[in-house]
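Topology and contacts: notes
The chain contents come next:
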Amino acid sequence: MTKSLPITKQMVWMSYKKVKANKGSAGVDGVSLKQFERDLSNNLYKVWNRLASGSYFPPAVKEVEIPKKDGGKRLLGIPTVSDRVAQMVVKDCLEPRLEKEFLEHSYGYRPLRNAHQALAAVRKNTKRYDWVIDLDIKGFFDNIDHSLLMRALEKHVDEKWIIMYVERWLKMPVQKVSGELVEKDGKGTPQGGVISPLLANLFLHYVFDKWLVLHAPSVRFVRYADDAIIHCKSLAQAEKVLSMLQQRMRVCKLQLHEKKTKIVYCKDFRREESYHTVQFDFLGFSFQPSPIRSRVNGHVFLDFNLTISKSSRKKIVSDIRQTNFQRITNASLEDLAKRLNPMIQGWINYYGKFRKWQLRGIFRCLNNRLLKWMQNKHKCLRTSIRKTYKYLKTYQSQYPNLFVHWRHGFKV
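Analysis parameters
- Residues numbered from 1 in each chain as written.
- Predicted model: local features only at pLDDT ≥ 70, side-chain atom pairs only at ≥ 80, totals over all residues.
- Heavy atoms only, no water.
- Helix = DSSP H or I, 4+ residues; strand = E, 2+ residues; numbered from the N terminus.
- Expected span 1.5 Å × (residues − 1).
- Pairing = 2+ DSSP bridges.
- Phe/Tyr/Trp six-rings, centres within 6.5 Å; stacked < 30°, edge-to-face > 60°.
- Buried < 20%, exposed > 50% of the residue type's maximum accessible area, 1.4 Å probe, protein only.
- Axes fitted to C-alpha atoms, helices over the stretch in contact; angles between N-to-C directions.

1. Considerations on helix α3 (residues 40–53)
Taking 1.5 Å per residue as the helical rise, α3 with its 14 residues ought to reach 20 Å, and the 20 Å between its terminal C-alpha atoms agrees with that figure. G54 lies just past α3 and shows a positive phi near 80°.

Take a look at the structure:
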C-alpha cells in the first residue's frame, strides 16, 4: 500500500527504539511502555499508518508536577507513548537540518553537546570577562508564541506535512492535574514533549542567539535551553545589553524574570571593583569567588570558579535521607551498595566533573549514615561509635571498591 507522506515503517521503528531508551511514564491513556510493547507490532503499525496518511491527531498531554529547587513546582506535559514515537519521527527529520543553523554558543538538547561543555565554556569566559548577565526567561516553555515559532520553522522546512504535524502538536490540549482539559491559547509547548526542546532551540535561535550576535557582537554568551549566561567587559556594557534584551523579549512576547535575572561581578584577586552581587548559579553549579592555594608557591589567592551549588547539595543530602537505608537492617552491606551505587555514580559523573573534592561533605554524610546502619544492624556496636568506625574501616580496607564513592577516595 502506498501512502501520501514519505514516512516509512523503518522510521517509526527507529523512533520507537529511541523512545524506549529514554523510558518515561504513561500519558493520558495510562498506557506504559511495557503495556505498549505487549502488542508492539500492531501499535507501531497504527502510528505509521496514521502518520503516513496524514490522519494522525495527537491526544492531549498529561500534566504532572515536579518539585523545583526553590520550593516551587515545575509543570511537565507528558505525551502518550505512541505520541512520543510519532514526535520522534518528525524530530529525526527536522534535527539534522536545524543543527546546521544553530550557533556554537547553544548547548542544550543538542547532539554531541552537554551541560559539562556549557559549564566549561562559562568557566573559560569568566577568566576573560569581568561581568556577567545571569538571564532567566519567565515561564519560557509556557509562553512560546506559536505564530513566531511557525514563522521560524517555515524558513527551514518546505514539507507541508511537517508543518502540519508541528501545528497539531502545538495546539493539542493539556489534561491538568485536576483532570480538566484545557485548550491552548496560541502559545506554549509542553515541557516534556519529545519535539519541544528542538522547537524551543529554534525559537531562541532567532529570538536570542542570532539577535545577540547581530546587536551585541562584542559580548560572549552560553545558552543551555532557556538558561543563558552573557559575558560583558564592563558594568556599563552589561546594563546596556540587559536593557536591550528586556525590550527584545517584550517584542517576542516573552518576559525576563525580574528577581532571577541579574548582573554579576566576577570578583577575583585581579578585580578590585566593589559590587553587591558576585555569585550566580548555572546548571546546578555556583560560580563565585573562592580561596585557592597556588601549586607553585603555596600562597592563597581569590579565584572566581565553580562549585556544586547549595541547592544541589541540599537536594543530594535530601535524597540520601529519603532512602532511609540506615533502617534496612535485614539487608547486607553488599545489598546497600547495589541499591545506592547507581545514585552515587550519577552524582559523581555530573558534579564530580569539576573539582570533585568538593563532594566530600556529601559523602561524609553518606558514610555517617552507613555507620548508623551498622549500629542499627549489630547490637554490639550501638554503645560505641569508635568501635563502629573501626569495624567499618576494617570492612572498607577489605572491600575498597564496594561503594562507588569509596573508589574515588571518599572513605570513612
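2. Remarks on the sheet that holds strand β5 (residues 181–182)
A sheet is described by the order of its strands in space; here four strands give the open sequence β2-β1-β4-β5, paired in mixed fashion. The open sheet is flanked by β2 (73–78) and β5, the only strands paired with a single partner. Across six bridges, strand β1 (residues 61–67) lies against β2 in antiparallel orientation. Each bridged residue has a counterpart across the sheet, and for K62 the counterpart in β2 is I78.

3. Some details on the packing of aromatic side chains
Here the structure, examined in full by the defined rule, presents 21 aromatic pairs. With a centroid separation of 5.3 Å and 40° between ring planes, the pair formed by W13 and Y16 is classed as tilted. Of this pair, W13 and Y16 both sit in helix α1 (residues 9–22), three residues apart, roughly one helical turn. Given the relative accessible area of 4%, Y16 is considered buried.

4. Here's the deal with the sheet that holds strand β10 (residues 285–293)
Here we have three strands laid out as an open sheet, ordered β9-β10-β11, and antiparallel in their pairing. Of all the strands in the sheet, just β9 (280–282) and β11 (300–308) have a single pairing partner and so form its edges. Neighbour-to-neighbour, the strand axes of this sheet turn through a mean angle of 45°, independent of strand direction. Sheet topology note: the β9/β10 ladder contains three bridges and is antiparallel. Directly across from D281, in β10, lies its bridge partner S286.

5. Description of the pairing of strand β7 (residues 227–232)
When you tally the buried positions in β7, you get five out of six residues, the bulk of the element. Taken together, the six bridges between strand β3 (residues 131–136) and β7 define a ladder with antiparallel strand orientation. Bridging across to β7, W131 finds its partner in C232. Note: strand β6 (residues 220–224) against β7, five bridges, orientation antiparallel. Note that in β7 the partner of R223 across the bridge is A228. Once β6 ends, the chain turns through two residues before running back antiparallel as β7, passing A225 with a positive phi of about 60°.

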